[in-house]
Amino acid sequence: MRLFIAEKPNMGKTIASFLPGPHIKHREYIETGGGIVTWCVGHILKQSDPEVYGEKWAAFPGKFEDLPVAPGAGQWKMEAVEDKKGQIAAIRKLLKQCTEVVHAGDPGREGQLIVDEVLDFCNNNKPVSRILLNALDKASVMKALANLEPNNKFYNLYQAALGRQRADWMVGMNMSRAYTILGQRQNYRGVLSIGRVQTPTLAIVVRRDEEIEAFVPKDFFSVHALFKSNAAAPAGGEFWTTWLPPGNTLSSESDEKDEENEEDEEVNTTPPAAWQDEQRRVIDKNVADKVAAEVKAAGFGVVTKAERKPVDELAPVLFELSTLQTELNGTTGAGVKDILAACQNLYEKGHVSYPRTDCAYMPESQHSEASNILSTIASVLPGLAQFMPQADALRKSRVFDDKKMVGQEHHGIVPTASAPDISSLAPLEKTLYEAVARRYMAQFLPNCEVDKSLIEVESAGHKFAARGRIIRIPGWRVLFGGKAVEDKKAAPTLPQVDNGQRLDMIQSKVDSHRTTPPAKYTQGTLLRAMKHVHLLVTDPVEKKKLKAVEGIGRAATRAAIVDTLLKRGFLTTEKNKLSSSSVARILIKNAPRALIDPGLTARWENALDAVASGQVALSLFEQKQLQWLQTILTSVQTITLPPPPPEATYTPGGGSGGGKSFSGGKSSQKPAMKKPSGPPPAGSKPCPSCKKGHLIPREIKNGPHAGKSFLGCSNYPACKHSEWPK
């Protein structure tokens, strides 16, 4: 008897549907004429708690001298997740009955781990084959069934997955205990948690908040010149140009970036001039006025470059989870965890494909389903049905690409042929379904045809440039607003000119601008920053690796990381804008640099690649990780955290090891403080943070710090700066 063990129930049921009958369904498995199919429910095992390895680790956070919590070589223990014990028992029973096993976890490291760890936990000794399923359509499943491979071929991949899992457990368990101990020394009563993904993510928000608070607006200037071609042309041949100082290029807001192929911006290594800032903006108005005057005095310009070309703009690729969460968080304000839940609900109802995916492409074999899916979309979404005559189900866009599916566990998120009852969907589910359907349908509409032009003109020794962009045929853009999109993206129509042509200079002017601070992160843009964290890394090797592994965290876990930071009070949210709490800033300021640096993930991944290829043994990886961890623990023992900030509160829950989470910032439990009235006392110094208030004596009235005095800004709560006596 052959036993298939899938990673998830849906995958197991799909596999069973393609096996010969008869089919007999049970709660934990399905009997078929081609074998029994059972499943995990994602991770149904977890690392055992620290007390399993020693009584001294039972209490949280314990003592510094008892750290690290570190199972010895070969002593790692797993246990069933409480609500999944029944499924483990069923798998164990079926393993005793079968003669062979087919490992049907998702392709890739994590999928290999989920099933292999269950086989080890159940002490399986039956032969195991591996089926690799990048898609769950009949053609893909039948082809994979005919090409089973020995599971031991993937043993080293499993070892690498264990290495990642154990290393994350070691870091989170030990560093969270260490920092909670440091916090307790200063009367913090909450869990100060640290993690390989959690801490760099928190640091991203902290640094952005600090940039915003330290931001000082500055004036800068741009120079523009209006040239005219005497040749017959629209609008009399007049067009505005922008001065390009040496080393500058003309930015084109009309050129859209493809989220799947986002490249690093080219870095100009030439230092800016004394009259430019770091972004090469002109900050000396005298320089701008001089250029404008010189061009006006010249009275003409000569065309040095004239380009005009038609361009086909491709439809955006399919949604993967992070991009879907980013878009809907921005348009609806819904939390990224709620968006994932809505997508999961639609998936479980059979209306969209598996949501927890990092991939925006599809296997070519699934192109044949297009006609049925498009018909389903037309039947439930009248707003899209009107454009269905322009759709061609035979059209094969770039998203249908088997090469892009190599190494991917799941394809992009698409509708299925199962039509939902739109009226029964929750508002967020309806919005999500429409967004997914629109992206899918766009693949079958014509390309957007655009005329792009570039003109560069030299006048009085200065280079000016202008871009033009006209949408001739909207194509797929009609699904996203048609004319509205065209108006938003359109650049001025430029006349036809030739290289070397002399143009009349009609007018020159200097425009004044003021810099603005960077935007606060939203939950959606934070997910995007996690995925594209390579843009924040300078080391070229680490940058390349982080880009290859698509950042820190995975599509399936990033929302949970953000939600954890919110629950623990490290992040607060208001009007969809994230802010870091005072405790978060203290934690990031005092955390080990290695654990704040997203490059740690790149270094781990390089080491895990060596494990996966068999070049490095798992035991050696674990040994090196333990040595590194011991070094960090030694270095942080002497850290003295500042006292908890006065506006902080404590909330139960959310921490590991039975502790309580620390919550700083906005809360319904703000402690009362004695607030002085009248003018600030004589001799009080100005607040160094907001520059508006003064530091005045204050006292905590209640809570764990009742009676403590400190200096706080008189501009509180607008400014929360405080200074405590040493």
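Residues numbered from 1 in each chain as written. Predicted model: local features only at pLDDT ≥ 70, side-chain atom pairs only at ≥ 80, totals over all residues. Heavy atoms only, no water.

Quick word on the side chain of Asp277
Okay, step 1: Inspection of the secondary structure puts Asp277 in the loop between strand E11 (238–243) and helix H7 (285–298).
Okay, step 2: Looking at Asp277, the relative accessible area reads 10%, which means it is buried.
Okay, step 3: Of note is the side chain of Asp277, whose polar atom sits 2.8 Å from the side chain of Arg281. (Helix = DSSP H or I, 4+ residues; strand = E, 2+ residues; numbered from the N terminus. Buried < 20%, exposed > 50% of the residue type's maximum accessible area, 1.4 Å probe, protein only. Polar contact = N/O pair within 3.5 Å; in protein donor to acceptor, adjacent residues only side chain to side chain.)

Brief notes about the pairing of strand E16 (residues 571–574)
Okay, step 1: In the sheet, E16 pairs with strand E17 (residues 577–580) via four bridges, with the strands oriented antiparallel. Bridged to Leu571 within E17 is Ser580.
Okay, step 2: Joining the antiparallel neighbours E16 and E17 is a turn of two residues, in which Lys575 adopts a positive phi near 55°. (Pairing = 2+ DSSP bridges.)

Section: the pattern of salt bridges
Okay, step 1: Scanning the entire structure with this criterion turns up 34 salt bridges.
Okay, step 2: For Lys285, the salt bridge identified is with Asp289, shortest N-O distance 3.0 Å. Within this pair, Lys285 and its partner Asp289 are both found in helix H7, separated by four residues, close to a single helical turn.
Okay, step 3: The partly exposed category is assigned to Lys285, whose relative accessible area is 35%.
Okay, step 4: Put simply, Glu110, Arg164, Asp168 and Arg196 are held in one network by salt bridges that share partners. (Salt bridge = Lys/Arg side-chain N within 4 Å of Asp/Glu carboxyl O.)

Topic: the nonpolar core
Okay, step 1: Within the largest apolar cluster, 67 residues are counted, with the highest numbers of intra-cluster contacts made by Met175, Tyr179, Leu192, Leu202, Leu526 and Phe570.
Okay, step 2: Breaking this core down by element, the ones donating at least two residues are helix H5 (155–185), helix H6 (198–214), helix H15 (523–531), helix H17 (558–567), helix H18 (582–590), helix H19 (593–596), helix H20 (599–612) and helix H21 (618–636).
Okay, step 3: Top element by residues in this core is H5. It accounts for 14 residues.
Okay, step 4: Excluding its chain neighbours within four sequence positions, the residues that come into contact with Leu526 are Thr201, Ile204, Val205, Tyr521, Val562, Leu571 and Leu578.
Okay, step 5: With 51 residues, the next largest nonpolar core counts Val317, Cys359, Leu432 and Trp476 among its residues. (Core = buried A, V, L, I, M, F, W, Y, C linked by side-chain atoms within 4.5 Å. Contact = heavy atoms within 4.5 Å.)

Regarding the sheet that holds strand E2 (residues 24–25)
Okay, step 1: With mixed pairing, the seven strands of this open sheet are ordered in space as E2-E3-E4-E1-E7-E8-E9. Here the strands that pair on one side only, and so sit at the sheet edges, are E2 and strand E9 (149–150).
Okay, step 2: Note: strand E7 (residues 100–104) against strand E8 (residues 128–130), three bridges, orientation parallel. Following the sheet pairing, Val101 is matched in E8 by Val128.
Okay, step 3: In this fold helix H1 (residues 9–17) packs onto strand E1 (2–6), strand E3 (29–32), strand E4 (35–39) and E7, with an angle of close to 165° to the strand it touches most, E4.
Okay, step 4: The sheet strands contacting helix H2 (residues 85–97) are E1, E3, E4 and E7, and the helix crosses E4 at an angle near 155°. (Axes fitted to C-alpha atoms, helices over the stretch in contact; angles between N-to-C directions.)

What about the packing of helix H3 (residues 109–121) against H5?
Okay, step 1: Contact geometry of H3 with H5 gives a least axis separation of 8 Å together with a crossing angle of 90°. By the angle between their axes, H3 is roughly perpendicular relative to H5. Where H3 approaches H5, its residues Arg109, Glu110, Gln112, Leu113, Asp116, Glu117 and Asp120 are matched on the opposing element by Leu157, Tyr158, Ala160, Ala161, Leu162, Arg164 and Gln165.
Okay, step 2: Broken down by class, the residue content of the contact of H3 with H5 amounts to six nonpolar, two polar and six charged. (Parallel < 35°, antiparallel > 145°, perpendicular 65-115°, else oblique. Nonpolar A, V, L, I, M, F, W, Y, C, P; charged D, E, K, R; others polar.)

Here's the deal with helix H13 (residues 427–442)
Okay, step 1: The end-to-end C-alpha distance of H13 is 23 Å, a good match for the 22 Å that 16 residues give at a rise of 1.5 Å each.
Okay, step 2: Packed against the buried residues of H13 are helix H8 (321–332), helix H9 (336–348), helix H10 (370–380) and helix H11 (382–385). (Expected span 1.5 Å × (residues − 1).)

Digging into the packing of H2 against H3
Okay, step 1: Where H2 contacts H3, the axes come no closer than 10 Å and their chain directions differ by 70°. With respect to H3, the axis of H2 lies roughly perpendicular. Crossing of H2 over H3 shows right-handed handedness. Note on element contacts: H3 touches H2 through Val118, Leu119 and Phe121, opposite Ile88, Ile91, Arg92 and Leu95. (Left-handed = near helix turned anticlockwise from the far one by under 90°.)

Considerations on unusual backbone geometry
Okay, step 1: For the bond running from Gly21 to Pro22, omega is 5°, close enough to zero to count as cis.
Okay, step 2: As for its placement among the helices and strands, Pro22 is situated in the loop between H1 and E2.
Okay, step 3: With an omega of 10°, the peptide bond running from Leu67 to Pro68 counts as cis.
Okay, step 4: Among the structural elements, Pro68 can be located in the loop between strand E5 (45–47) and strand E6 (78–80).

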